[in-house]
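# Fold and contact review
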Amino acid sequence: MWKTQCLIDGAWLGEPVDAIDDPATGEIVGHVPRLGAVEAFAAAAAADRAFRDWSGMLAKDRSRLLRSWFDLILQQRQELAALLTAEQGKPLAEALAEIDYAASFVEYYADEARRVYGETIPSHRTDARILVWKQPIGVCAAITPWNFPAAMVTRKVAPALAAGCTVVLKPAPETPLSALALAELAVRAGLPAGTLNVITGDAAAIGRAWCEDVRVRSLSFTGSTEVGKLLMRQCADTVKRVSLELGGNAPFIVFDDADVAAAADGAVAAKFRNMGQTCICANRLFVQERVHDEFVAALIERVGRLRVGDGREAGVTQGPLINAAAVTKVEEHLADAVKHGARIRCGGQHHPLGRTFFEPTVLEGVTPEMRICREETFGPLAPVIMFSSEEEALTLANSVSTGLAGYFYGRDIGRVIRVAERLQVGMVGVNTPALSNEAAPFGGVKESGLGREGGRHGIEEFLELKYVVLGGLGG
Ligand code: SIN
């Protein structure tokens, strides 16, 4: 049994009163405490007290602790995956992949902890030397989403700890159990009291408390653009570092020289992973007219092979949506598209399993004015929009306020470079849907956010530069 209390200053506390539902069955899978601003301040105080020792520790000792945490996560990967499926709904195979993905950040930053190098800069005077140090920023607040309840925790917490920062973490109210389990393993790995604190409860009150607390020096948030903007405003008074990984509306472009079968495989992976509940999900499928019909047929054939059901059942590829509100949004986008002339080519209904299950759906005849193109659906709808020229595809792809990920399929090398350069996004997949890994900088432009997570760039979010000039050296 995993801990279901909150972790503050090394103590597990709070009465578990808030029920967590299994989105597939509606059954209660656990309870967590309902804490608020008072406990948020206590957690920040604990992290502040722990900062001096943690940041003063040798980098190789921090690295060893992270490595032990990584080992424990891998030892418990089946149990963690089962917990993740129970609280979030994704199929067990995807949950296992997420646990491995989560662990990969801990492993990567265990190594990176030892490679936080400063600089010496050629001096402006012969009797002076210029040094640049990288120092941990201090206490970091991490607020994580429900769609990746494990990986988004480690993608923030591991680089922060590696940098020498201490952390206060609030997981999403829908999926706090994975975060608490990961924290339990961190404690077992030997993380000192106060270094990582996790609290659940009143999301708005906890978030506001950390934004206003002067001891908290940075905020890292993954979630909706709307909430990201609110948190950014709340951080203004204490001038915190903010890292935001917000919504997307990813274009997926198929040019007429693409390998159409590969593009259809890629579209299924980019669209239907996690039932379409991924910030980098393909949200708009632009297909050049010459290959349009062939691509749509190939897509429908592959979507027909997806299997909807309880994520614990063998062979299921599509779990439930997270809650009733998510289903309503899918239905609204679908109804709006159909009303304005789109045609449903497969799916388009609540799944016979009922509750939050929805059929994977392909729509054609979609146009850019429809809600399904203007907003992120976060669900299993694949809208196909036909285009004729490269310029038109780029104009349509870039016509939204967000810019997280973009994908395209095509073989003309000149066009590959031109389109990759001109897409207004932070991440581009060329002839592949697989963007996510621990080594690359994940993040967006425009209203998709600020900063990067993952890779050597990800640790910079938790470091401050300090410039030191040594004067009076003679010479
Ligand atoms: C996200 O939805 O923001 C995370 C997706 C990923 O890391 O692959």
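Figured I'd write up the structure that's included with this text. Keep in mind that what you see is a predicted model, and the values were worked out from it rather than measured.

What follows is about the nonpolar core. Nonpolar side chains in soluble globular proteins tend to be buried together. With 68 residues, the main nonpolar core has Phe-252, Ile-253, Leu-285, Phe-295 and Leu-299 as its most contacted residues. Top contributing element to this core by residue count: helix H9 (residues 260–272), with seven residues. If near-sequence neighbours (up to four positions away) are discounted, Leu-285 is found in contact with Phe-252, Ala-267, Phe-295, Leu-299, Ala-382, Pro-383, Val-384 and Ile-385. With 60 residues, the next largest nonpolar core counts Leu-80, Val-106, Phe-148 and Met-152 among its residues.

Within this structure, the stated rule accounts for 31 salt bridges. Where Arg-188 meets Glu-184, a salt bridge forms, and the shortest distance between an N and an O atom there is 3.2 Å. In this pair, Arg-188 and Glu-184 both sit in helix H6 (residues 177–188), four residues apart, roughly one turn of the helix. Judged by relative accessible area, Glu-184 falls into the buried class, the value being 9%. Its salt-bridge partner being Glu-391, residue Arg-422 comes within 3.1 Å of it at the nearest N-O pair. Highlighted residues: Arg-422 in helix H14 (residues 413–422) and Glu-391 in helix H13 (residues 390–397), separated in sequence by 31 residues. By relative accessible area, Glu-391 is classed as partly exposed at 43%. When salt bridges that share partners are traced, they join Arg-155, Lys-156, Glu-245 and Glu-453 into one network.

Time to look at the packing of helix H3 (residues 77–88) against H6. Contact geometry of H3 with H6 gives a least axis separation of 9 Å together with a crossing angle of 160 degrees. Judged by the angle between their axes, H3 and H6 are roughly antiparallel. Touching Leu-80, Leu-83, Leu-84 and Glu-87 of H3 are Leu-177, Ser-178, Ala-181, Leu-182 and Leu-185, all from H6. The residue makeup of the contact of H3 with H6, split by class, is seven nonpolar, one polar and one charged.

Rules and cut-offs
In this convention, every chain numbers its residues from 1, walking through the sequence in written order. With pLDDT at 70 or above as the cut-off, local features in this predicted model cover only qualifying residues; side-chain atom pairs require 80 or more to be listed or tallied, and sums for whole chains, interfaces and linings still use all residues. Values reported for side chains reflect all heavy atoms of the structure, with hydrogen atoms and water molecules removed beforehand. Throughout this description, the term nonpolar core refers to a set of buried Ala, Val, Leu, Ile, Met, Phe, Trp, Tyr and Cys residues connected via side-chain atoms within 4.5 Å. Think of it in three bands: with a 1.4 Å probe and only protein chains considered, a residue is buried below 20% of the maximum accessible area for its type, exposed above 50%, and partly exposed in between. A run of H or I in DSSP counts as a helix once it spans at least four residues, and a run of E counts as a strand once it spans at least two, with each numbered from the N terminus. What makes two residues a contact is simply this: any of their non-hydrogen atoms within 4.5 Å. Throughout this description, the term salt bridge denotes a Lys or Arg side-chain nitrogen within 4 Å of a carboxyl oxygen of Asp or Glu. Every axis corresponds to a line fitted to the C-alpha atoms, with the helix fit spanning only the stretch in contact, and the corresponding angles, defined between N-to-C directions, vary from 0 to 180 degrees. An angle counts as roughly parallel when it lies under 35 degrees, as roughly antiparallel when it exceeds 145, as roughly perpendicular when it falls between 65 and 115, and as oblique in every other case. The residue classification treats Ala, Val, Leu, Ile, Met, Phe, Trp, Tyr, Cys and Pro as nonpolar and Asp, Glu, Lys and Arg as charged. All others, Gly included, are polar.

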